[in-house]
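A closer look at the structure
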Amino acid sequence: MGKAFIFGVSVSGENFTDRVEETKRIRMNFENGLNTILISPRRIGKTSLVNRVCDCMADVEGIQTVRMDVYDCRNEYDFYNKFAASILKATSSRMEHAVETAKEFLGRIVPKISISPDPASEYSISLGIRPKDISPEEVLSLPERIAEKKDIRLVICIDEFQQVGDFPDSVNVQKRLRAVWQHQKRTSYCLYGSKKHMMENLFQSRRMPFYQFGDTIYLGNIPVEEWVPYIRTRFEAKEKKISENLAAEICRMVDNHSSYVQQLAWNVMIETESEATRQNLKDAVHKLIAQSSPLFIQQAENLSSYQMNFLKAVSAGINDGFGRRSVIEDFNLGSKSNIARLVNSLTDKELIDKTKAGVFFADPVFRLWFQSEYGTVSAHFSGLL
Ligand SMILES: Nc1ncnc2c1ncn2[C@@H]1O[C@H](COP(=O)(O)OP(=O)(O)OP(=O)(O)O)[C@@H](O)[C@H]1O
Ligand SMILES: [Mg+2]
């Protein structure tokens, strides 16, 4: 076994745990040509999950998956370039095939091929498509035409898809994408991204072009029952021990949030001599908060005093009924009409998350930091902060 705990990058192989149901469901969608939309808070495991499904399907005859990440696309044509280059690359076994396919389906575009320094991929393609070269519709129909020619089906997985919502003239771009994609018979899409709120804006509003585009999956947390044995085996592999209770406590401290569970477990392991103690967990929690605090301080500095007051209310355990007079007065939230504005602005900043159960901190470590800074620690955590 290599690293005991991995965080911050997508995980695969033996580092990937659980997600049995989700893997099955997404795989079914892929096999049946259904579009999939995957939404979750940050660092829960979307990228890892889609990678997992694609890897599982590598041997399936007649269906090919294509993965791309559009985090660096700033406008429509950045997107088309990434889209076409990724599809050409994934569907061509050799460099020469990619050039031929581009000639056949993208007309005047001459791809630039460069030998990649990245050992994982032997070459990379850039297309340099500009608006005057080719219409969006032609680029967008590329996968369907390749799929027809090769008599296969394609599943196009697009990570950080919320970027599209920030493009200039975004709604029209979205209309163009959807108009072409929804008529494709051999191509389906899996769209996911790390900004939950922006993804919801794209897919949940009736007014938006991507409304009801496919099977929307809300990716929840990996349950404690899965994490506990995962954590304990990793301690054992490094000849250390941790009790079931303490392993479960790690999960609870960070609301079972995938990346933080791994990061906190790692911190605890570093502190542990041979068997983890409560003091080790306590020190590990402090380090976890310290590791993130520069970013949190910066985020808090940019908040208005009403926004800070609102967070103090959430931190004190108030999750709904913010318009009540007692709450407004106790926490100095301004007027009743101010509440909706506060909720919207803090949601936009991804600091809070509004669910059916109420308003909560979006990031469990931000919550811990906030509680330790502003002294609103709940009884459960008080021994650990
Ligand atoms: N199935 C899993 N098993 C174990 N750990 C996981 C799993 N999924 C996610 N993680 C943990 O969460 C971290 C983030 O995973 P990943 O990058 O897949 O999440 P994401 O939701 O795509 O994140 P982002 O919102 O930043 O795009 C991983 O580094 C790992 O620590
Ligand atoms: Mg991701």
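Rules used throughout
- Residues numbered from 1 in each chain as written.
- Chains lettered and ligands numbered in written order.
- Predicted model: local features only at pLDDT ≥ 70, side-chain atom pairs only at ≥ 80, totals over all residues.
- Heavy atoms only, no water.
- Core = buried A, V, L, I, M, F, W, Y, C linked by side-chain atoms within 4.5 Å.
- Buried < 20%, exposed > 50% of the residue type's maximum accessible area, 1.4 Å probe, protein only.
- Domains from an automatic or database assignment.
- Contact = heavy atoms within 4.5 Å.
- Helix = DSSP H or I, 4+ residues; strand = E, 2+ residues; numbered from the N terminus.
- Pairing = 2+ DSSP bridges.
- Right-handed = clockwise from strand over helix to strand, strands pointing away.
- Axes fitted to C-alpha atoms, helices over the stretch in contact; angles between N-to-C directions.
- Polar contact = N/O pair within 3.5 Å; in protein donor to acceptor, adjacent residues only side chain to side chain.
- Near = heavy atom within 4 Å.
- Areas by Shrake-Rupley, 256 points an atom, 1.4 Å probe, with all protein chains shown as cover.
- Nonpolar A, V, L, I, M, F, W, Y, C, P; charged D, E, K, R; others polar.
- Salt bridge = Lys/Arg side-chain N within 4 Å of Asp/Glu carboxyl O.
- 1 Å grid on protein atoms, 1.4 Å probe; cavity = no way out; pocket = protein on both sides within 12 Å on 5 of 7 lines; lining within 4 Å.
- Points joined across faces, edges and corners; volume = space filled by probe spheres on them.

**Comments concerning the nonpolar core**
Formed by 54 residues in total, the largest nonpolar core has its most connected members in I231, L264 and F310. When residues of this core are assigned to domains, at least three fall in each of domain 2 (224-292) and domain 3 (303-382). With sequence-adjacent residues up to four places away left out, F310 is seen in contact with F322, L333, I339, L342, V343, L346, I352 and V359. If you look at the next biggest cluster of nonpolar residues, it comprises 48 residues, including Y123, L140, F167 and F210.

**Comments concerning the pairing of strand β6 (residues 187-192)**
Here β6 lies mainly inside the structure; six of its six residues are buried. Sheet topology places strand β1 (residues 36-39) next to β6; three bridges connect them, and they run parallel. Paired with I37 across the strands is L191, a residue of β6. Bridge analysis of strand β5 (residues 153-159) against β6 gives five bridges, and the strand direction is parallel. Among the inter-strand pairings, I156 is bridged to a residue of β6, identified as Y189. A crossover connection joins β5 to the parallel β6 through helix α7 (residues 170-181); in handedness this β-α-β unit is right-handed.

**Overview of the sheet that holds strand β2 (residues 63-69)**
Strand pairs in the sheet, formed through backbone hydrogen bonds, run parallel or antiparallel to each other. Reading across the sheet, the five strands line up as β2-β5-β6-β1-β7 and stay open at both edges, with parallel pairing between neighbours. Of all the strands in the sheet, the pair left with one neighbour each is β2 and β7 (215-218). Strand-to-strand twist of the sheet, defined as the mean angle between neighbouring strand axes without regard to direction, takes the value 15°. Examined bridge by bridge, β1 and β7 share four bridges and lie parallel to one another. Paired with T36 across the strands is D215, a residue of β7.

**Considerations on the side chain of H197**
Of note, H197 is situated in helix α8 (residues 196-204). Among the polar contacts listed, one links the side chain of H197 to the side chain of D348, at a separation of 2.7 Å.

**Notes on the site of ligand 1**
If you check the shell around ligand 1, you find 25 residues, and the closest are I6, V9, R42, T47 and S48. A distance of 2.9 Å separates a nitrogen atom of ligand 1 from a polar backbone atom of T17. Calculation on ligand 1 without its partners gives an accessible area of 630 Å², and the protein chains cover 96% of this total. Those elements giving two or more residues to the shell around ligand 1 turn out to be α2 (46-56), α9 (224-237) and α11 (258-271). Class assignment of the residues belonging to the shell around ligand 1 gives a composition of nine nonpolar, 11 polar and five charged. A domain-level breakdown of the shell around ligand 1 finds at least three residues from each of domain 1 (19-218) and domain 2 (224-292).

**Remarks on the pattern of salt bridges**
Side chains that differ in charge, positive against negative, can pair when their charged atoms come close. Per the counting criterion, the structure on display carries 18 salt bridges. A salt bridge links R176 to E76, with the shortest nitrogen-to-oxygen separation between them at 2.8 Å. In this pair, R176 is assigned in helix α7 and E76 in helix α3 (residues 76-91), connecting sequence segments 100 residues apart. Judged by its relative accessible area of 25%, R176 is partly exposed. Residue classification places E76 among the buried positions, given a relative accessible area of 14%. Among the ionic contacts, a cluster of salt bridges with common partners joins K196, E200 and D353.

**Quick word on the layout of surface pockets**
The space that makes up the largest pocket amounts to roughly 820 Å³. Considering the residues around the largest pocket, the lining is formed by 31 residues, among which R42, E350, L351, A362 and D363 are closest to the centre. Broken down by secondary-structure element, the contributors of at least two residues to the lining of the largest pocket are α8, α11, α12 (278-301), α15 (338-348) and β8 (352-355). Here the element with the most residues in the lining of the largest pocket is α8; it accounts for five residues. For the lining of the largest pocket, a count of residues per class yields 10 nonpolar, 11 polar and 10 charged. Considered as a void within the structure, the second largest pocket measures approximately 570 Å³ in volume. Along its surface, the second largest pocket is lined by 28 residues, and D255, D353, F360, F361 and A362 are the ones closest to its centre. Across the lining of the second largest pocket, the residue classes break down as 12 nonpolar, 11 polar and five charged.

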